[in-house]
Amino acid sequence: MAENSATQREIFVVDDDPAVRDTLSLVLSAGGYQVICFADGAALLAVARTRTPACILLDVNIPGKSGLDLLKELSGEDYPAPIFMISGQGDIAMAVTAIKNGALDFIEKPFRGSEIVARLDEAIGAYARRQAENSASRTASLHFPGREPLTRREREVLEQFTSGASNKEAGRHLGISPRTIEDHRANIMKKLGARNAADLIRIVMTAARGS
């Protein structure tokens, strides 16, 4: 793990607003992270393909390629570090779309510095735990014939749900907000055709028996 230690505390921040970059740089540096800022997506892509940070903070609205475009180019769902979207009040719908494309969660502007550091600490720690546990994932091997496949994160949320975790507990374990857990859960139920929570459990148990 030693060869990775340099990048484990590195956070990439992508925002075209210098004030936001300065604020995040200051707050995250004080929280013990090394911060590398990018004003646009092209600069990020060049670096993100050669080295992996502990986390990426990506503004939804940036000139040129949008945050959503960048997320797709980085293959957000499979990128080996959590990606947070930074969004203003009017960008929430876009941020939710970003979560469906692999972003871990979103941070709303205006934000409080101490809260961001706490959220990133939690998310980075949870991400590392999940990576270690993924090989033992029970739902990874489940198949739901005729249904739209679940994303990796949806499978993680589903596993939390079937083990009896509340939205809050699942969020803490995965390093994401309960609100985002709810979004994932609604999506999972829609994909699997579940009418309610009990129906969802029944579908999962049936799939487990068949596999």
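Criteria and thresholds
- Residues numbered from 1 in each chain as written.
- Predicted model: local features only at pLDDT ≥ 70, side-chain atom pairs only at ≥ 80, totals over all residues.
- Heavy atoms only, no water.
- Core = buried A, V, L, I, M, F, W, Y, C linked by side-chain atoms within 4.5 Å.
- Buried < 20%, exposed > 50% of the residue type's maximum accessible area, 1.4 Å probe, protein only.
- Helix = DSSP H or I, 4+ residues; strand = E, 2+ residues; numbered from the N terminus.
- Contact = heavy atoms within 4.5 Å.
- Pairing = 2+ DSSP bridges.
- Axes fitted to C-alpha atoms, helices over the stretch in contact; angles between N-to-C directions.
- Expected span 1.5 Å × (residues − 1).
- Salt bridge = Lys/Arg side-chain N within 4 Å of Asp/Glu carboxyl O.
- Parallel < 35°, antiparallel > 145°, perpendicular 65-115°, else oblique.
- Nonpolar A, V, L, I, M, F, W, Y, C, P; charged D, E, K, R; others polar.

As a further point, take the nonpolar core. Judged by nonpolar contacts, the single largest core of 38 residues is most densely connected at Leu28, Leu57, Leu120 and Phe144. Counting residues per element, this core draws most heavily on helix 6 (residues 113–133), at five residues. Excluding residues that lie within four positions of it along the chain, Leu28 makes contacts with Ile11, Val13, Tyr33, Val35, Leu57, Ile116, Val117 and Leu120. Counting 24 residues, the second-largest nonpolar core is a separate cluster that includes Leu45, Ile62, Leu68 and Tyr79.

Taken in spatial order, the five strands of this open sheet run 2-1-3-4-5, and their pairing is parallel. Only two strands of the sheet have a single partner each, and these edge strands are strand 2 (34–38) and strand 5 (105–108). On average, each strand axis in the sheet is tilted by 20° relative to the strand beside it, whichever way the strands run. By the bridge criterion, four bridges tie strand 3 (residues 55–59) to strand 4 (residues 83–87) in an arrangement that is parallel. Residue pairing across strands places Asp59 opposite Ile86, the latter belonging to strand 4. Helix-sheet contacts for helix 2 (residues 18–30) involve strand 1 (10–14), strand 2, strand 3 and strand 4, and the interaxial angle to strand 2 is about 170°. Each of strand 1, strand 2 and strand 3 touches helix 3 (residues 41–48); the most contacted strand, strand 1, lies at about 155° to it.

Here we take up the pairing of strand 4. Extensive coverage of strand 4 is indicated by the burial of five of its five residues. Covered by surrounding structure in strand 4 are Ile83, Met85 and Ser87 together with Phe84 and Ile86, the residues of both alternating faces. Here strand 4 runs beside strand 5; their pairing, made up of four bridges, is parallel. Looking at strand 5, one finds that Ile86 is bridged to Ile107.

Another point: helix 9 (residues 178–192). Under the 1.5 Å per step criterion, the end-to-end length of helix 9 is 21 Å for 15 residues, consistent within 8% with the ideal 21 Å. Looking at helix 9, one finds that the buried residues are Thr180, Ile181, His184, Asn187, Ile188, Met189, Lys191 and Leu192. Where helix 9 terminates, the next one or two residues include Gly193, which has phi positive at roughly 70°.

Below, the discussion takes up the pattern of salt bridges. Under the defined criterion, the tally for this structure stands at twelve salt bridges. For Asp78, the salt bridge goes to Arg152, with nearest N and O atoms at 3.9 Å. Taken together, the residues span a long stretch of sequence, with Asp78 in the loop between helix 4 (67–73) and strand 4 and Arg152 in helix 7 (residues 152–162) at a distance of 74 residues. For Arg152, a relative accessible area of 25% translates into the label partly exposed. Close ionic contact of Arg202 with Asp199 constitutes a salt bridge, the shortest N to O distance being 2.7 Å. Taken as a pair, Arg202 and Asp199 lie in helix 10 (residues 197–210) at a separation of three residues, close to a single helical turn. One network of salt bridges, in which partners are shared, links Asp15, Asp59 and Lys109.

Moving on, we come to the packing of helix 7 against helix 9. Two elements in contact, helix 7 and helix 9, have axes separated by 10 Å at closest approach and are oriented at 95°. Comparing their axes, helix 9 and helix 7 come out roughly perpendicular. Side by side, helix 7 and helix 9 meet where Arg153, Glu154, Val157, Leu158 and Phe161 of the first sit next to Ile181, His184, Arg185, Asn187, Ile188, Lys191 and Leu192 of the second. Its residues placed into classes, the contact of helix 7 with helix 9 shows six nonpolar, two polar and four charged.

None of this, on its own, says anything about what the molecule does.
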